[in-house]
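Observations on the three-dimensional arrangement
Spelled out from the first residue to the last, the chains are:
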Amino acid sequence: MSRLVVVSNRVAPIKEGKVAAGGLAVGVYDALRQSGGIWFGWSGEVSATPQTSTETVGNITYVTMGLTKRDYDQYYRGFSNATLWPIFHYRIDLARYNREEYEGYRRVNAMLAEKLKPLLQPDDIIWIHDYHLIPFAEACRMLGIRNRIGFFLHIPFPAPEILTAIPPHNELLKTFCYYDLIGFQTDTDRLAFQDYVTREVRGIIEPDGSLTAYGQNFRAGVYPIGVMPDEIQQTAASYRGRRQLIGRNSEGGLRQMIISVDRLDYSKGLVERFKAYETFLDRYPEHRRNVEFIQIAPTSRSDVKTYQAIRQQLESEAGHLNGRLSDLDWTPLHYLNKSHERRILMGLFRSADIGFVTPLRDGMNLVAKEYVAAQDPNDPGVLVLSRFAGAARELTSALIINPYDTVGMAEALDRALRMSLAERKDRYEHMMRAIRAADLGAWRDNFLRDLRSFVSRPKASGTAQVFAL
Ligand code: GDG
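Residues numbered from 1 in each chain as written. Predicted model: local features only at pLDDT ≥ 70, side-chain atom pairs only at ≥ 80, totals over all residues. Heavy atoms only, no water.

Quick look at the packing of aromatic side chains now. Considering all chains together, one arrives at 33 aromatic pairs under this definition. Residues F88 and F157 carry aromatic rings whose centres are separated by 5.6 Å and whose planes lie at 75° to one another, so their mutual orientation is edge-to-face. In this pair, F88 sits in helix α2 (residues 69-88) while F157 sits in the loop between β6 (148-152) and α5 (160-163), placing the two residues 69 residues apart along the sequence. No difference in accessibility class separates F88 from F157, as the two residues are buried. Note on W127 and F447: the rings are 4.7 Å apart at their centroids and 15° apart in plane angle, and the pair reads as stacked. Taken together, the residues W127 in strand β5 (residues 125-129) and F447 in helix α15 (residues 440-453) connect sequence positions 320 residues apart. For the pair formed by W127 and F447, the shared burial category is buried. Through pairs of rings, three or more aromatic residues link up here, namely F88, F151, F157, F176, Y179, F184, F193 and F218. Taking the ring centre of W42 as reference, the NZ or CZ of R10 above it sits at 5.5 Å. One residue, R361, lies across the ring of Y90, its end atom 3.9 Å from the ring centre. (Phe/Tyr/Trp six-rings, centres within 6.5 Å; stacked < 30°, edge-to-face > 60°. Helix = DSSP H or I, 4+ residues; strand = E, 2+ residues; numbered from the N terminus. Buried < 20%, exposed > 50% of the residue type's maximum accessible area, 1.4 Å probe, protein only. Lys NZ or Arg CZ within 6 Å of the ring centre and 35° of its normal.)

Following this line, the structure appears as C-alpha cells:
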C-alpha cells in the first residue's frame, strides 16, 4: 500500500496506545498507522527563526515547523480565522478582508508545499485537512508534484452568495480544482460547492459525476466524520465520580443535568443557548432548583478580536442569569472556561439528562455524536440538536431545534426532561445505528478508498485554463 502523507494546520502526535485526543486526530493517526507515512504541519510555535522538527515513532514521521509572527498574523489569525472561518460559517458581519493577509495565506501554503516536496515519494497519497490549507494542492502542482492529493473540509461550505463576499473568491475556488478529491461533511456543503463551480465559473458535471473547471477534472464527495462509539461507551462507563458536580434538590434526589461542551466560538451559539436556558427557567418555573446546566467552553483563538468579544458577552450573560436566579443552594448555570480530560467529559455526557448542542452553523459537531455514544443504553439521555449542525442530517431522532428560536429551544428542554424512558430508548437506538453506520473508521476508509481509486484526467501543469466570469 502506498504511504499516506497527512497535512493539517496543527499536528497532534498521539503517544502509542493512548487515545487521549478527540475524533479527528485519532482518525488521522489510525490511517497513518495502517499505511505508514508522514504527518506534516505547523508546530504551533511562533518565532523570529522558525525551526523544523522531525520525529519518527514507529512507521509515522511527524514533521512540524514554526511560523514567523508575520506568517502567523496573516495566515492564521488573519485570512484563515478572520476571513474564511466567519464567511464559511455564514457570518459576513464578523468577517474582514485584508489583501496582505490573503497574500500571507497564499505564501504560507506555498512555503509549506516547498518544505514537503523533498519528503515525498512518487506514489505517496496526500491528504490535506481544512480551510487553512485550501491552496495547498495548487502550490504542490506549481512545484511539479504529481501525487494524488485529496482535501477534506471540516467546516461548512457556504452558499455561493455568501462565498462571493470574499473578494478573491474566484481565485480561491480555482485552487480547490487542483485536488483529485474534495470531501465535505454533508450533501448541503457538496451541493453549495457544486453550485458555485457550475454557476460562478461555468464548470461542468461530467457523466461520471466528476467536475471539470479551470481545465481540471476532480471529484467532490460526502464523507461525514464520525466517532468511535465503542471506545466512548467504555470510557464513559468506566468514569466514576461523575455526579460530584451536581447538587441535590429539596427531596434529596440528584438534580437533572444539562450539558454542553464547545470550543468557545461564536459559531457554536452559546449566547443564544444561555438565553434559551433562562427562558426555559422563566417559562417552566417547576424545573427551577431541579436542574443544573453545565457549559464547558475552553477558550480558543483568544488573540482574535471577535473571540474576545464573544467571551465578554458570555461572561455577562452567565453573570446575569446566575445573579437573577441563583439561590444559596442552587446555581442554575455552571460556566467553565477551561478544558477537561476526555474521560471526564465522556463521564459527564453519560450522566447528563440532556446534551444541549445548538450551533448556529457547524460542519459536523462531534460533541453531538459523542454525547449519544456515551449514554447508558438502559437509561439514555436526550440530545437536543441544532438543525444547522452537520450531525442533524444523521441524528434525525434528536430533538431538532432552530437556535434562533429561543422559546422553541426552551420548549425542547422541557420536553426532553419529561420524556418517557421508552421514547428516550427508541430515539437513542435509532441514533446509535446511524453513529455505528458512519463511524470514524468509515469516514477515513471511504475517503481514502475514493482518493486511491479516482482516475482523473491528465493535469495541466500550472497553466490552468480560466473560465471565470
Ligand atoms: C471542527 C468543525 C467538525 C472539546 N472540549 C474539550 C474537548 N473537546 C473535544 C470534543 C470534540 C472536539 O473537541 C470538538 O469537535 P467539534 O466537532 O464539536 O468542533 P470543532 O472543534 O469546531 O471542529 C466541526 C470537526 O472539525 C471534525 O470534523 O465536527 O464541525 O468545526 O471531540 O469532545 N476535549 C477534551 N477536553 C475539552 O475540554 N479532551
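This brings us to the environment of I38. The residue I38 is located in strand β2 (residues 37-46) in this model. Counting along the chain gives 138 residues from I38 to F176, while the straight-line C-alpha distance between them is 22 Å. When residues no more than four places from it in sequence are discounted, the contact partners of I38 are R3, L4, V5, V6, L32, T61, V63 and L119. (Contact = heavy atoms within 4.5 Å.)

At a minimum axis separation of 8 Å, helix α9 (residues 270-283) and helix α13 (residues 406-418) run at an interaxial angle of 60°. Of the two possible hands of crossing, α9 and α13 adopt the one that is right-handed. Contacts between α9 and α13 pair E272, K275, A276, Y277, T279, F280 and R283 from the former with T406, V407, M409, A410, E411, L413, D414 and L417 from the latter. Within the contact of α9 with α13, the residues separate by chemical class into eight nonpolar, two polar and five charged. (Axes fitted to C-alpha atoms, helices over the stretch in contact; angles between N-to-C directions. Left-handed = near helix turned anticlockwise from the far one by under 90°. Nonpolar A, V, L, I, M, F, W, Y, C, P; charged D, E, K, R; others polar.)

A few words on the site of the ligand. Around the ligand lies a shell of 20 residues, among which H154, H340, D362, L366 and E370 are the nearest. Contact between the ligand and G363: an oxygen atom at 3.0 Å from a main-chain N or O atom of the residue. Note that an oxygen atom of the ligand is positioned 2.8 Å from one of the backbone N or O atoms of M364. Coverage of the ligand by the protein chains reaches 84% of its 740 Å² of free accessible surface. A per-element tally of the shell around the ligand places helix α12 (residues 366-373) first, with three residues. Looking at the shell around the ligand residue by residue, the class counts come to eight nonpolar, seven polar and five charged. Both domain 1 (4-226 + 442-463) and domain 2 (229-437) contribute no fewer than three residues apiece to the shell around the ligand. (Near = heavy atom within 4 Å. Polar contact = N/O pair within 3.5 Å; in protein donor to acceptor, adjacent residues only side chain to side chain. Areas by Shrake-Rupley, 256 points an atom, 1.4 Å probe, with all protein chains shown as cover. Domains from an automatic or database assignment.)

Let us now look at the nonpolar core. Membership of the largest hydrophobic core comes to 96 residues, with the highest contact counts inside it found for F88, F136, F157, L173, F193 and Y277. When residues of this core are assigned to their parent elements, the largest contribution, eight residues, is made by α2. If you count residues domain by domain, this core takes at least three from each of domain 1 (4-226 + 442-463) and domain 2 (229-437). Once residues within four sequence positions are removed from consideration, F157 is found in contact with F88, Y90, L163, L173, F176, F184, D189, A192 and F193. (Core = buried A, V, L, I, M, F, W, Y, C linked by side-chain atoms within 4.5 Å.)

Side-chain pairs of opposite charge can arise whenever the charged atoms involved come near each other. Within the structure shown, the criterion is met by 37 salt bridges. With its nearest N and O atoms 2.8 Å apart, the salt bridge here joins R3 to D124. Of this pair, R3 sits in the segment before β1 (4-10) while D124 is found in the loop between α3 (99-116) and β5, placing the two residues 121 residues apart along the sequence. Note on R3: relative accessible area 21%, which makes it partly exposed. Close ionic contact of R219 with D208 constitutes a salt bridge, the shortest N to O distance being 3.8 Å. Placement of R219 in strand β10 (residues 216-222) and of D208 in the loop between β8 (204-205) and β9 (211-213) is noted, with a sequence separation of 11 residues between them. A relative accessible area of 27% places R219 in the partly exposed class. Its relative accessible area of 43% is what places D208 among the partly exposed residues. One salt-bridge network, held together by shared partners, links D30, R33, R444 and D445. (Salt bridge = Lys/Arg side-chain N within 4 Å of Asp/Glu carboxyl O.)

A separate point is the packing of helix α8 (residues 229-238) against helix α11 (residues 342-351). At a minimum axis separation of 7 Å, α8 and α11 run at an interaxial angle of 85°. When the interaxial angle is binned, α8 and α11 end up roughly perpendicular. On the side of α8, the interface is formed by E231, I232, Q233, T235, A236 and A237, while α11 contributes R342, R343, M346, G347 and R350. In terms of residue class, the contact of α8 with α11 is built from four nonpolar, three polar and four charged. (Parallel < 35°, antiparallel > 145°, perpendicular 65-115°, else oblique.)

Now for the pairing of β5. Of all five residues that make up β5, five are buried, and the element is covered over most of its length. The alternating pattern of β5 places I125, W127 and H129 on one face and I126 and I128 on the opposite face, and all of these are buried. Bridge count for β5 against β6 is five bridges, and the pairing is parallel. Considered in β6, the bridge of I126 is made with I149. Following the chain from β5 across helix α4 (residues 136-142) to the adjacent parallel β6, one finds a crossover that is right-handed. (Pairing = 2+ DSSP bridges. Right-handed = clockwise from strand over helix to strand, strands pointing away.)

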